[in-house]
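An overview of the molecular structure
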Amino acid sequence: MSRELIYLLLIFGLLVVPRALQRYKIPAPLTCLLFGIVAMLAWGDKSHDTVVGMLATLGISSLFLFAGLEVELSALRKGLWPLVAHLLIRTATLVGVGWLAWRYGGLGWQAAGLLALALLTPSTGFILDSLARLGLDEEERFWVTSKAIAGELLALAALFVVLQASDPVRMALSSGALIAMLVGLPLLFVALGRWVAPHAPGSEFSLLVMVGMIAAFATAKLGVYYLVGAFVAGLIARLLRERMPLLASHENLHAVRLFASFFVPFYFFNAGTKVPGGALSFEALGLGLLLTAVVLPLRIGVVWLQRRALFGEKHGASLRVSVALAPTLIFTLVLAGILRERFALPDAWFGALLLYAALTTILPSLVFRAPFDVDPAEGHAGEGGPSHPDDAGDRRRREAAAGVGRPEPEPTAVPAAAVAAGRPDPNPPGG
């Protein structure tokens with residue numbers, strides 16, 4: 001069989017078959033991951049392909065580029081104190097789980113810290129793209145979005161520190177390089193917007209993706225993986241929205257979603273081809289089930305108790321927000337790979353993390369009885385607006401009646417940042 005035909009069959013298999021299986025509540029990324037594992041079992045090292053590896057890098061980088069574009073700092077400021085409380089609790093749980101892994105798991109402190117991040121960090125990309133199909137109301141979507149984004153920012157900062165902390169000199173150099181990138185990226189965007197974009201109408205998407213890839217490879221060279229640089233590039237593009245409105249426009253957000261949706265399946269397939277044979281053992285199965293039975297209820301329970309005890313939210317709403325924040329697939333896959341490559345994580349632990357990630361990703365699909373997947377085409381490309389067109393108007397009328405402020409004009413379009421672009425009650429009942 002020719003190589004071209006093999007690639008064509010692979011593209012069809014990764015883009016069409018997983019979507020068809022979603023009718024059975026099987027998330028498409030898990031199907032792609034399983035295809036990769038089957039390829040590894042069938043062909044061994046021959047399943048490792050440089051072209052697929054490059055496509056996988058484009059997939060994970062573009063996904064986190066989009067995640068950075070989704071951040072709306074003004075929306076995060078609206079729920080600042082509840083989010084601060086959430087991050088403090090999240091930090092405490094990360095430290096606690098990391099200490100347990102270091103004390104009783106026989107891991108070094110860096111590996112233990114990465115393991116805690118792998119177990120506790122929600123996959124924001126999946127969560128944001130699925131909100132429109134989970135049946136949550138506007139306020140619940142706002143808090144799920146805000147907490148997922150805030151948790152991702154915390155996780156990326158912790159990832160940078162943990163990976164660099166063993167070498168103070170390298171950490172100082174990497175921090176300096178990261179600061180230089182934070183200063184240089186806005187200048188690069190502005191320069192491209194001034195000297196290139198006016199002469200090439202419609203090139204903003206290409207420029208955005210190009211800069212995102214450059215930033216991703218730069219942070220990979222710093223030793224903190226591709227996703228950090230891609231996320232930072234997206235975040236900076238979002239912050240420049242007033243000065244360069246076309247850069248992070250709704251059209252560009254949708255285009256980046258479509259770009260990521262094509263390449264992300266290759267990331268999961270490529271990750272599956274790198275699963276070691278020892279990760280498919282009964283020991284890994286038992287350890288994965290044990291991790292899920294202990295950690296998943298802990299994560300859901302912590303968020304549920306936080307919202308019930310600290311903010312007096314109703315039981316059902318607290319549970320829906322907690323379950324929607326459960327999936328960890330991308331962060332778990334990325335960190336499991338780092339743990340295996342840099343810290344010699346045993347194969348059984350690697351397999352346990354994969355099983356844990358799969359079960360946490362399936363959970364919302366089962367609870368909400370809706371497909372849970374990165375699918376920019378469905379739900380108006382994840383435009384996380386109200387579930388009913390009258391919801392936003394009803395909320396503003398309630399605010400006006402309560403004397404909170406005058407109702408604002410109805411928006412003609414809701415930005416893709418989901419509810420991050422919406423405006424919840426200034427004094428929401430939950431955090």
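Here is a short report on the structure shown in this document. Just so it is clear, the model here is predicted, and its values are computed rather than measured.

**Examining the environment of arginine 77**
Of note, arginine 77 is situated in helix α5 (residues 73-78). A residue is classified by how much of its surface remains accessible, and arginine 77, at 56% relative accessible area, is exposed. Separated by 69 residues in the primary sequence, arginine 77 and serine 146 have C-alpha atoms spaced 9.7 Å apart.

**Some words on helix α1 (residues 3-15)**
Under the 1.5 Å per step criterion, the end-to-end length of α1 is 18 Å for 13 residues, consistent within 8% with the ideal 18 Å. Within the span of α1, buried status applies to Leu10, Gly13 and Leu14. An end-on view of α1 places all buried positions within 90° of arc, on one side of the element. Across from the buried face of α1, at angles greater than 90 degrees, the exposed residues are Glu4 and Leu8. The inward-facing, buried residues of α1 abut α2 (17-21), α3 (28-43), α4 (50-70) and α13 (250-273).

**Side note on the packing of helix α6 (residues 80-104) against helix α7 (residues 109-120)**
Two numbers describe how α6 lies on α7: the axes approach to 8 Å, and their chain directions differ by 130°. By the angle class used here, α6 and α7 are oblique. Considering the relative orientation of α6 and α7, their crossing is right-handed. Two secondary-structure elements touch here, α6 through Arg90, Thr93, Leu94, Val97, Gly98, Ala101 and Trp102 and α7 through Trp109, Ala112, Leu115, Ala116, Leu117, Leu119 and Leu120. Tallied by class, residues from the contact of α6 with α7 come to eleven nonpolar, two polar and one charged.

**Section: the pattern of salt bridges**
A complete count under the given rule lists five salt bridges for this structure. Here arginine 340 makes a salt bridge to aspartate 347, at a shortest N to O gap of 3.7 Å. Using a relative accessible area of 33% as the deciding quantity, one classes arginine 340 as partly exposed.

**Here's the deal with the nonpolar core**
Leu114, Leu119, Phe189 and Phe268 are the most contacted members of the largest nonpolar core, which has 107 residues in total. Once residues lying within four places of it in the same chain are set aside, the contact partners of leucine 119 are Val97, Leu291, Val295, Arg299, Thr328, Leu353 and Tyr356. Membership of the second largest hydrophobic core comes to 17 residues, among which are Val144, Ala148, Leu325 and Leu363.

**Observations concerning the packing of α7 against helix α16 (residues 329-343)**
Interaxial distance between α7 and α16 falls to 9 Å at its minimum, and their mutual angle equals 165°. On the basis of their axis angle, the class for α7 and α16 is roughly antiparallel. Here α7 and α16 pass one another in a crossing that is left-handed. Touching Gln110, Ala111, Leu114, Leu115, Leu117 and Ala118 of α7 are Thr332, Leu335, Ile338, Leu339 and Phe343, all from α16. Residue classes in the contact of α7 with α16 are distributed as nine nonpolar, two polar and no charged.

**Let's talk about unusual backbone geometry**
Trans peptide bonds make up the majority, and among non-glycine residues the majority have a negative phi. Located in the positive-phi region is alanine 344, a residue other than glycine, with phi close to 50°. With respect to the helices, strands and loops of the structure, alanine 344 is situated in the loop between α16 and α17 (347-368). Judged by its relative accessible area of 62%, alanine 344 is exposed.

The rules behind these values
- Residues numbered from 1 in each chain as written.
- Predicted model: local features only at pLDDT ≥ 70, side-chain atom pairs only at ≥ 80, totals over all residues.
- Heavy atoms only, no water.
- Helix = DSSP H or I, 4+ residues; strand = E, 2+ residues; numbered from the N terminus.
- Buried < 20%, exposed > 50% of the residue type's maximum accessible area, 1.4 Å probe, protein only.
- Expected span 1.5 Å × (residues − 1).
- Arc of directions from axis to C-beta.
- Contact = heavy atoms within 4.5 Å.
- Axes fitted to C-alpha atoms, helices over the stretch in contact; angles between N-to-C directions.
- Parallel < 35°, antiparallel > 145°, perpendicular 65-115°, else oblique.
- Left-handed = near helix turned anticlockwise from the far one by under 90°.
- Nonpolar A, V, L, I, M, F, W, Y, C, P; charged D, E, K, R; others polar.
- Salt bridge = Lys/Arg side-chain N within 4 Å of Asp/Glu carboxyl O.
- Core = buried A, V, L, I, M, F, W, Y, C linked by side-chain atoms within 4.5 Å.

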